[in-house]
Amino acid sequence: MKKELLLATTIAGITLGATSASAVTATFSGNHRVGIEDEDKDSTTATSGTTNENRKSSFAVALEETLDSGTKIAGSFSLMSESSTFNYTGASGITLTFTDGSSLGVLYAAGAHKSHDVAIPGASGEQGITGLSSNSAKLGIDAVGGKNNIGVAWHSAADVAGVEGLSVSLSYSNGDEADVSGNTIAIDSSMAAGATYVTTSGDTTVTLGAGVLGASDNNVSSRLDTDVYHIGVTAVNGDLTVGAGMGAGDYGHDLSSTMQEVADWESVEIGVSYVSGDFTLTASSVDAEATDNATMGGTPS
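Residues numbered from 1 in each chain as written. Predicted model: local features only at pLDDT ≥ 70, side-chain atom pairs only at ≥ 80, totals over all residues. Heavy atoms only, no water.

K.L.:
So, the pairing of strand 6 (residues 151-155): which residues are in play, and what are the values?
P.N.:
In the sheet, strand 5 (residues 103-106) pairs with strand 6 via four bridges, with the strands oriented antiparallel. Bridging across to strand 6, G105 finds its partner in A153. Alignment of strand 6 against strand 7 (residues 166-174), held across five bridges, turns out to be antiparallel. Paired with V152 across the bridge in strand 7 is Y172. (Pairing = 2+ DSSP bridges. Helix = DSSP H or I, 4+ residues; strand = E, 2+ residues; numbered from the N terminus.)

Structure representation (structure tokens):
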């Protein structure tokens, strides 16, 4: 009970502080894009062409306060996210950043493995590579996650344990979800860990990142627990960046109409980018494969 009361007090303090004369700092960010989208499907069975306006806006708020001890308390929320109307997309938990550089996330905070996926060069936004159907293996070395919103995550400062360039993260979540069957699935508990090591040799900086995730779900018909890992490396030399990585394992996911279990998932990323003045040239490849668990009546992904 003491922990619950203390947490509630902290949340209320941040919320009220933003509207009173206190040390809380509120920052805002966003964008507004307006354009015209024209489509021509060249089809005899569907509308061959459409022309529509396209409006996408984003707006986010971040709150932060520094205590007398030097510890920072921070949280954020989004009012719009790439949408044309008000679209509240949720709020973060609370993050405590300590004076030694380490941090502790409270609520909505698990998934430590994803904090250590290296940034392999690749196109993003409208140029990004994504799956084209629901029956596709997940793309990207860190594409598989899984956590309950009742969770905590600890992230070390740089040079942890006296090892220059090393940082680590640990997380745990457990929401005691009710057992279900059929076409729904949710993560009941999870544990994750990750590590990043950065070193420099001459003019080249090399970053190694790896993470593991183990999670159990609440579907009584489930035969597989989530068990995945990822590892990657990037090298930066001046304007040139190259990288490669892979992720693999088993997981379950909810496709709304059916609950699928995926075995032997594997995804490989390779990318290279070069910056020349105001231009950035990028070439990348993402390949993924997996098999739906045959015991669940699935078909190969």
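Picking up after the structure, the text goes on.
K.L.:
Lay out the side chain of D217 in plain terms, naming residues and giving numbers.
P.N.:
Along the chain, D217 falls in strand 9 (residues 204-217). Not counting the four nearest positions on each side in its chain, D217 is found in contact with I185, A186, I187, D188, S222, L224 and D225. (Contact = heavy atoms within 4.5 Å.)

K.L.:
How would you summarise the pairing of strand 8 (residues 187-201) if you had to cite specific residues and measurements?
P.N.:
Relative to strand 8, strand 7 runs antiparallel, the two being bridged by nine bridges. Within strand 8, the residue paired with S167 across the bridge is T196. Direction of pairing for strand 8 relative to strand 9: antiparallel, over a ladder of 14 bridges. Residue pairing in the sheet places T199 in a bridge with V206 of strand 9.

K.L.:
Please provide a residue-by-residue account of unusual backbone geometry, values included.
P.N.:
Positive phi is not limited to glycine here, since Y108 has a value of about 50 degrees. As for its position among the elements, Y108 is in the loop between strand 5 and strand 6.

K.L.:
Lay out the pattern of salt bridges in plain terms, naming residues and giving numbers.
P.N.:
Per the stated rule, a full pass over the model turns up one salt bridge. Its salt-bridge partner being E64, residue K72 comes within 3.9 Å of it at the nearest N-O pair. (Salt bridge = Lys/Arg side-chain N within 4 Å of Asp/Glu carboxyl O.)

K.L.:
Talk me through the nonpolar core; I want residue IDs and the actual numbers.
P.N.:
Counting twelve residues, the largest nonpolar core consists of A112, A137, V144, I187, A192, L213, A215, V228, Y251, V262, W265 and A290. Put simply, the parts of the chain that give this core at least two residues each are strand 8, strand 9 and strand 12 (259-276). (Core = buried A, V, L, I, M, F, W, Y, C linked by side-chain atoms within 4.5 Å. Buried < 20%, exposed > 50% of the residue type's maximum accessible area, 1.4 Å probe, protein only.)

K.L.:
Help me get a handle on a nonpolar patch on the surface, residues and values and all.
P.N.:
On the surface, a nonpolar cluster with roughly 550 Å² of combined accessible area is contributed by L240, V242, V272, Y274, F279 and L281. Listed by contribution, the elements that provide at least two residues to the nonpolar patch are strand 11 (240-254), strand 12 and strand 13 (279-292). With respect to the secondary-structure elements, V272 resides in strand 12. (Patch = residues over 30% accessible without salt bridge, like charges linked within 9 Å, V, L, I, M, F, W, Y side chains within 5 Å. Areas by Shrake-Rupley, 256 points an atom, 1.4 Å probe, with all protein chains shown as cover.)

K.L.:
Residue-level account of the packing of aromatic side chains, with values.
P.N.:
In total, this model carries two aromatic pairs according to the counting rule given. Taking 6.0 Å as the distance between ring centres and 20 degrees as the angle between the ring planes, the aromatic pair formed by F28 and F59 counts as stacked. One end of the pair, F28, is in strand 1 (residues 25-40); the other, F59, is in strand 2 (residues 49-66), and 31 residues separate them in sequence. Relative accessible area serves as the criterion here: at 57%, F28 is assigned to the exposed category. When the centroid spacing of 6.2 Å and the interplanar angle of 85 degrees are considered together, the rings of Y251 and W265 count as edge-to-face. Pair noted here: Y251 is in strand 11 and W265 is in strand 12, with a separation of 14 residues, a long-range link. (Phe/Tyr/Trp six-rings, centres within 6.5 Å; stacked < 30°, edge-to-face > 60°.)

K.L.:
Mind laying out the environment of V233, listing which residues take part and the relevant values?
P.N.:
As for its position among the elements, V233 is in strand 10 (residues 226-237). Those residues in contact with V233, other than ones at most four positions away along the chain, are V118, V206, T207, L208, V242, G243 and A244.

K.L.:
Can you tell me about a negative patch on the surface, naming the residues and giving the values?
P.N.:
Where like charges cluster on the molecular surface, the negative patch consists of E37, D38, E39 and D40. Along the chain, E37 turns up in strand 1. (Lys, Arg positive; Asp, Glu negative; His and termini not counted. Charge placed at Lys NZ, Arg CZ, Asp CG, Glu CD.)

K.L.:
Describe the side chain of S173, with residues and values.
P.N.:
On the secondary structure map, S173 appears in strand 7. The exposure class assigned to S173 is buried, which follows from its relative accessible area of 0%. One polar contact links the side chain of S173 to the main-chain amide nitrogen of N148, over a distance of 3.0 Å. A polar contact of 2.6 Å, which involves the side chain of S173, links it to the side chain of S190. Dropping the residues within four chain positions of it, S173 is found in contact with A110, K147, N148, I150, G151, D188, S189 and S190. (Polar contact = N/O pair within 3.5 Å; in protein donor to acceptor, adjacent residues only side chain to side chain.)

Keep in mind these numbers describe shape, not what the thing actually does.
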